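Read off the chains here:
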Amino acid sequence: MNYTLRQLRVFLAVAAHGSFSRAADAVGLTQPAVSRGVAELEEALGLRLLDRTTREVVLTDAGQALVPALERLLGQLDDTLEETRQLGERYRGRVVIASAPTISARLMPLYVSACARQYPEIRLSVRDNVQADGLEQIRAGAVDFGVLIDPLAHEGLEIVPLATDPFCFVCRDDDPLARHASVPWAALDGVPLVLLDFASGSRPLIDRVFAQHGVTPRVVQELGHSASVFGMVEAGIGASVLPSFSLPLPAASTLVARPLTPREERRIVMVRREDRSLSPSAAAVWEMVRGMEIPGEG
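Residues numbered from 1 in each chain as written. Predicted model: local features only at pLDDT ≥ 70, side-chain atom pairs only at ≥ 80, totals over all residues. Heavy atoms only, no water.

1. What to know about the overall build of the protein
Scanning the protein for helices and strands turns up ten helices and twelve strands. Relative to the globule expectation of 19 Å for 298 residues, the C-alpha radius of gyration of the protein, 31 Å, shows a markedly less compact shape. Taken over the C-alpha atoms alone, the protein extends approximately 100 × 40 × 30 Å along its principal axes. A total of 298 residues make up the protein; the buried ones form 41% of that total. For the protein, restricting intrachain contacts to residue pairs at least 6 apart in sequence, the fraction spanning at least 24 positions comes to 74%. (Helix = DSSP H or I, 4+ residues; strand = E, 2+ residues; numbered from the N terminus. Rg over C-alpha atoms; globule rule 2.2 N^0.38 Å. Buried < 20%, exposed > 50% of the residue type's maximum accessible area, 1.4 Å probe, protein only. Contact = heavy atoms within 4.5 Å.)

2. Notes on the pairing of strand β11 (residues 255-261)
Of the strand pairs in this sheet, strand β6 (residues 157-172) and β11 are connected by five bridges, and their pairing is antiparallel. Opposite Phe169, over in β11, you have Arg258 as the bridge partner. Where strand β7 (residues 183-184) and β11 come together, two bridges link them in parallel fashion. Across the sheet, Val183 pairs through a bridge with Leu260, a residue of β11. (Pairing = 2+ DSSP bridges.)

3. Structural notes on helix α3 (residues 31-45)
Between its first and last C-alpha, α3 extends 21 Å over 15 residues, near the 21 Å set by a 1.5 Å rise per residue. Among the residues of α3, those classed as buried are Ala33, Val34, Gly37, Val38, Leu41 and Glu42. Buried residues in α3 make contact with α1 (5-17), α2 (20-27) and β1 (50-52). (Expected span 1.5 Å × (residues − 1).)

4. Remarks on the domain arrangement of the protein
Accessible area lost when the parts come together is the quantity often used to give the size of an interface. Per the domain assignment, the segments of the protein are domain 1 (5-88), domain 2 (93-163 + 267-291) and domain 3 (165-265). Once you take the C-alpha centre of each, domain 1 and domain 3 turn out to be 71 Å apart. (Domains from an automatic or database assignment.)

5. Details of the state of the cysteines
Tallied over the entire structure, the rule returns zero disulfides. Free of any disulfide, Cys171 has its nearest cysteine sulfur in Cys168, 10 Å distant. Given the relative accessible area of 1%, Cys171 is considered buried. (Disulfide = S-S within 2.5 Å.)

6. A closer look at the side chain of Glu264
With respect to the helices and strands, Glu264 occurs in the loop between β11 and β12 (265-273). Buried charged residue Glu264 carries no salt bridge. Nearest counter-charge: Arg208, at 7.9 Å. Setting aside its immediate chain neighbours within four residues, Glu264 contacts Pro166, Phe167, Trp185, Val209, Gln212 and His213. (Lys, Arg positive; Asp, Glu negative; His and termini not counted. Salt bridge = Lys/Arg side-chain N within 4 Å of Asp/Glu carboxyl O.)

7. Description of the environment of Ser279
With respect to the helices and strands, Ser279 occurs in the loop between β12 and α10 (280-291). Residue classification places Ser279 among the partly exposed positions, given a relative accessible area of 33%. Taking the C-alpha atoms as reference, Ser279 lies 8.8 Å from Val95; in sequence the two are 184 residues apart.

Laid out in structure tokens, this is it:
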């Protein structure tokens, strides 16, 4: 037999109201749709369930026998579905977020602690990798979602902005540019620079800003982590351009940070695959992260 839940529910509505028009109002369908649903159910069963006259609708013997059984079975189904929905809302299990190093240091502690308070049965794990690895994990489905630097290519990804993070100039305190309250991008033309490498999500953005301001950088070292850059700068190898999330500077160092003008920034975003649904727990964490304020944003 070929029948649908909607046909069964429509039949019960007609039986309860004794009228196709009143049943249509109750279930939110048109009267022809209700009539068609009952007729299709009768055809599937091979018998009449209702006797129709111009003045009333009356259950046949078969219809009267079917009503209580259907009410019991559909009630059990509704109870089962409600229990399943509530199970999904308990938000338990493991959620994995990909994150870039500077974001892991500045934002992930906020998210992990907030998750522990709001959803104590969710174990939130952070995959702390460079941007390129984080994007690969998202595309491969190895993590639920990521909090990363806005990638230049968005194809197949859902992107939700979270925050902005301005770039700053980092140098030793004896550098001539350290005497200024801010440093123009144009002043970096020809200056020896120690920069993050291209595995970082920031490096393509920094290079694009250099090009916009007509700056030809003299890159003397390219490194994977801000801490390594700080060491090179303090050793006098060169100055640097870094996102502000890389701060604070190492304690007791000779380094200083200055804002770059005009302000140029990177966007911190949430990233997930467009074609992959989140689990109830991952969806809860996604909404929690999206709704949180970030102290001292850019």
